[in-house]
Amino acid sequence: MKRCVLLLLAIAAVFASRGESVSLKNPGYFKTAIRDGYPLFPDSLVYDSDTETLHLPAMGVSGRLGDYPFTNLKKIIFEDIDYVPGGLFVNMANLEEVVFNGMIGHFDCSMPLHCPKLRKITFKGPVSSTGAGFAYDCEKLDSVVFESVVVGFGLDHTPTDKCPNMKYII
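All of these numbers come straight from a predicted model, not from anything done at the bench. (Residues numbered from 1 in each chain as written. Predicted model: local features only at pLDDT ≥ 70, side-chain atom pairs only at ≥ 80, totals over all residues. Heavy atoms only, no water.)

A. Layout of the packing of aromatic side chains. What the rule picks out here adds up to eight aromatic pairs. Geometrically, the ring pair formed by Phe78 and Phe100 is stacked, given 4.8 Å between the ring centres and 10° between the ring planes. Within this pair, whereas Phe78 is found in strand β6 (residues 75–78), its partner Phe100 is found in strand β9 (residues 97–100), the two being separated by 22 residues in sequence. Under the relative-accessibility criterion, Phe78 is labelled buried at 0%. (Phe/Tyr/Trp six-rings, centres within 6.5 Å; stacked < 30°, edge-to-face > 60°. Helix = DSSP H or I, 4+ residues; strand = E, 2+ residues; numbered from the N terminus. Buried < 20%, exposed > 50% of the residue type's maximum accessible area, 1.4 Å probe, protein only.)

As structure tokens, then:
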């Protein structure tokens, strides 16, 4: 058993050292809810600070990703998510793009804050409702695209948001 664990750790170290992308997957065998009634999968407990692309599976709610030092993270891809908290992306210096592939139950106000390289956010699936306000201090943000239906749209954008390149939300 000890050799098996050491072998798994060695294999994980080889893949983690590549630092290109991390995909957190739902392994299907982990059934017990651990935190706030949501399943927390074993491979979601680690991260690679060299990651450039992060692909997150369908989930109930996401924690705030700016709390982790993803120093090289450029792109984040989400699948279905029930609730997206405000401040999801804070002080993420190299983040350039965020894609929501699936449906969203609700997202709160000001998702990205102080993300100087963030240029594009795309919502490919339907959104049930949004909070007011969208982004703050994201000087290069120029593209926020909703490709599907938004049922309750409460977003606004003003010059005080400090996103000078964002003229409108489509």
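B. Geometry of the pairing of strand β7 (residues 81–84). In terms of strand pairing, strand β5 (residues 59–61) meets β7 through two bridges, oriented parallel. Bridge pairing in β7 links Met59 to Ile81. Relative to strand β10 (residues 104–107), β7 is paired through three bridges, and the arrangement is parallel. Residue Ile81 lies in a different strand from β10, and its bridge partner there is Ile104. (Pairing = 2+ DSSP bridges.)

C. Region of the structure containing the nonpolar core. Judged by nonpolar contacts, the single largest core of 33 residues is most densely connected at Phe78, Phe89, Phe100, Phe107, Phe123 and Phe134. Elements supplying a minimum of two residues to this core: β4 (53–56), β6, β7, β9, β10, β12 (120–123) and β14 (143–146). (Core = buried A, V, L, I, M, F, W, Y, C linked by side-chain atoms within 4.5 Å.)

D. Layout of unusual backbone geometry. Phi at Asn91 is positive, roughly 55°, even though this residue is not glycine. With respect to the secondary-structure elements, Asn91 resides in the loop between β8 (89–90) and β9. What makes Asn91 exposed here is its relative accessible area of 55%.

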